[in-house]
Amino acid sequence: MAFLRAFGSYLPPRRVTNEELAPLVGADPAWILQVSGIQERRYAANDDTVASLGVLAAQDCLKKAGASAQELGMILVASGSSERFCPGPAVEVAAGLGLTATPALDIPVASCGSLIGLSLAAQLAAKVGPVLVVGAEIMSRRVDRTPEGKDTAILFGDGAGACLVDPHSGFARIADWTLSTDGTAAGILKIERERIVMDGKSVILQAYRKMPRAISELLGRNSVTSADVGVYLLHQANLNLIERVATGLKVPFDRFFVNIAHHGNTSSASMLIAANEWRAAHPKPVSAPIVFSAFGAGIQWGALLAVGA
C-alpha cells in the first residue's frame, strides 16, 4: 500500500503580470486572460536552478509531513526544463537535502512528470520506504518573450511542488493509477533547442479527448463515479482546458481546484503546487475520493485515484 502523507511547494517571489508581458509579445492583457485564464505567473531569479527550487519545495513538504530527509528511501524529480541533461536535478535535490547515499532518479518529462512520479512512488514505497516526488520547472527560460513566441510565453511560469508518498500512513491512500503514451503525436508539444515548441490547437484537442477518458476508465474499474469525487487536482495547463475536462466528465466546475490565474502553467510542478494549496485549505480527514490527472509532452497522460485513509 502507499499513502499521500504531505505536499509542499515553492514559488519564486517575482510576479510577471499580463500587463508587463503583453507589450513584449504584442498582445493585449485582456486577450491573454481570455485565452488562458492566467493573470500572472512567477519567474525564477537569475541564480535559481531547477534543483534549488526543488529543494525548497521538498523542504516544505518534509516540514508539513513532520519527516526528516533521512527517512527517505528514494527521491524522484520530474522536470522538462533542467539546465543540464546529465546528471539531472535529482542528485542535486538529494544533496540539497543533505543526502549522499539515497537513490535519486530523474523523470525528464514536462507537464505529466509529477503524475508519473506519483504512480511510480505508489509501487516503490512498499519496497524502499517513503518516496519524495518533486516536480520543478523554470519554463520562463524555455520561451521567447517576442511576438513570434507569444503562444507559449503567455502560458508558462516557474515553480516547484512536492509530495511524500509513505508505505504506512498518510491522509489518503493511493488506490489506483493509469498512464498512457502516444509517441506518434510527440511533435505537437516538445522542448527542442532549449525552447518550447507547441501546436496549441492540437494539444487542446488531444488533451480534451484523452484526460476525461483516462479518468473515466480509472474511476470505472474502481466502482467510483465522477460525481463521487470530492476534488479533481489537474495539471494547470490552461483554464479553458480544465473547463472542457469538467464538461467532458459532466462534473460541476467547482469540483476542480484551480490556481492557474496566479501561477500560470508551471508544467510538471503545477499539479503538486495545486495539491499543496488545496490541502492547506482542506486539512481535515479526506472523506471523498481525489483524482489527479495530467497531459503533456510525449505525448503522455494519465490519472491517479486516492481515497480516504
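Quick caveat, the model's predicted, so the values are computed rather than measured. (Residues numbered from 1 in each chain as written. Predicted model: local features only at pLDDT ≥ 70, side-chain atom pairs only at ≥ 80, totals over all residues. Heavy atoms only, no water.)

**As for the overall build of the protein chain**
When you go through the protein chain residue by residue, the secondary structure sums to ten helices and 13 strands. The C-alpha radius of gyration of the protein chain comes to 18 Å, within 12% of the 19 Å expected for a compact globule of 309 residues. In terms of its C-alpha atoms, the protein chain occupies a principal-axis envelope of roughly 50 × 45 × 40 Å. Counting every position in the protein chain, which comprises 309 residues, the buried fraction comes to 57%. Residue pairs in contact within the protein chain that sit at least 24 positions apart in sequence constitute 79% of those at least 6 positions apart. (Helix = DSSP H or I, 4+ residues; strand = E, 2+ residues; numbered from the N terminus. Rg over C-alpha atoms; globule rule 2.2 N^0.38 Å. Buried < 20%, exposed > 50% of the residue type's maximum accessible area, 1.4 Å probe, protein only. Contact = heavy atoms within 4.5 Å.)

**Overview of unusual backbone geometry**
Residue Pro 87 is bonded to the preceding Cys 86 through a cis peptide linkage, with omega at -5°. You can see Pro 87 is positioned in the loop between strand S4 (74-78) and helix H4 (89-96). Between Gly 298 and Ile 299 the backbone carries a cis peptide bond, its omega angle lying at -15°. With respect to the element layout, Ile 299 can be found in the loop between strand S12 (290-296) and strand S13 (300-308). The residue Arg 193 is not glycine, and still its phi comes out positive at about 55°. Secondary-structure assignment places Arg 193 in the loop between strand S9 (189-192) and strand S10 (195-198). Looking at Arg 193, the relative accessible area reads 75%, which means it is exposed. The phi dihedral of Glu 194 falls on the positive side, at around 65°, and the residue is not glycine. If you trace the backbone, Glu 194 turns up in the loop between S9 and S10.

**Focus on helix H5 (residues 113-128)**
The sharpest bend along H5 comes to roughly 40°, located at Ala 122. Following H5 by one or two positions, Gly 129 has its phi on the positive side, about 100°. (Bend = angle between axes of the 7 residues up to and from the residue.)

**Things to note about the pattern of salt bridges**
Applying the stated criterion across every chain yields a total of eleven salt bridges. With its nearest N and O atoms 3.0 Å apart, the salt bridge here joins Lys 64 to Asp 60. With a gap of four residues between them, Lys 64 and Asp 60 both fall in helix H3 (residues 50-65), about one helical turn apart. Asp 144 is the partner of Arg 195 in a salt bridge, and the nearest nitrogen-oxygen pair spans 2.8 Å. On the criterion of sequence distance, the pair formed by Arg 195 in strand S10 and Asp 144 in the loop between strand S6 (131-138) and helix H6 (150-153) is long-range, its members being 51 residues apart. The exposure class assigned to Arg 195 is partly exposed, which follows from its relative accessible area of 30%. Connected through salt bridges with shared partners, the residues Arg 5, Glu 71 and Asp 166 form a single ionic network. (Salt bridge = Lys/Arg side-chain N within 4 Å of Asp/Glu carboxyl O.)

**Notes on the sheet that holds strand S7 (residues 158-166)**
On the basis of which strands lie adjacent, the open sheet formed by nine strands has the order S5-S4-S6-S7-S1-S8-S13-S12-S11 and mixed pairing. Because the sheet does not close on itself, it has two edges, and the strands there are strand S5 (104-107) and strand S11 (231-234). Looking at each pair of strands side by side, their axes are set apart by 25° on average, direction ignored. Where S4 and S6 come together, five bridges link them in parallel fashion. Residue pairing across strands places Ile 75 opposite Leu 132, the latter belonging to S6. Its contacts with the sheet place helix H10 (residues 270-281) against strand S1 (3-10), S6, S7, S11 and S12, and it is angled at close to 105° to S1. (Pairing = 2+ DSSP bridges. Axes fitted to C-alpha atoms, helices over the stretch in contact; angles between N-to-C directions.)

**With respect to the packing of helix H1 (residues 18-25) against helix H2 (residues 29-36)**
For the pair H1 and H2, the least separation of the axes is 8 Å and the interaxial angle reads 100°. Comparing the axis directions of H1 and H2 gives the class roughly perpendicular. In this structure, H1 uses Asn 18, Glu 19 and Ala 22 to contact H2, whose residues at the interface are Pro 29, Ile 32 and Leu 33. Class assignment for the residues of the contact of H1 with H2 results in four nonpolar, one polar and one charged. (Parallel < 35°, antiparallel > 145°, perpendicular 65-115°, else oblique. Nonpolar A, V, L, I, M, F, W, Y, C, P; charged D, E, K, R; others polar.)

**Some thoughts on H4**
Of all the positions in H4, only Pro 89, Ala 90, Val 93 and Ala 94 are classed as buried. Projected onto a plane normal to the axis of H4, the buried residues spread over an arc of 140° and lie on a single side. Contacts made by the buried residues of H4 are with H3, S4 and S5. Gly 98 sits one or two positions beyond H4 and adopts a positive phi of about 85°. (Arc of directions from axis to C-beta.)

**What about the packing of aromatic side chains?**
Within the structure shown, the criterion is met by five aromatic pairs. Here Phe 7 and Phe 292 contribute two aromatic rings whose centre-to-centre distance is 6.3 Å and whose plane-to-plane angle is 50°, an arrangement assigned as tilted. With Phe 7 in strand S1 and Phe 292 in strand S12, the pair connects residues that are 285 residues apart, well separated along the chain. Comparing Phe 7 with Phe 292 shows no difference in burial state: the two are buried. Joined through ring pairs, the aromatic side chains of Phe 7, Phe 171 and Phe 292 make up one cluster. The positively charged end of Lys 150 is found above the aromatic ring belonging to Trp 31, 4.9 Å away from the centroid. (Phe/Tyr/Trp six-rings, centres within 6.5 Å; stacked < 30°, edge-to-face > 60°. Lys NZ or Arg CZ within 6 Å of the ring centre and 35° of its normal.)

From the geometry alone we can't say anything about function, so treat these as descriptive.
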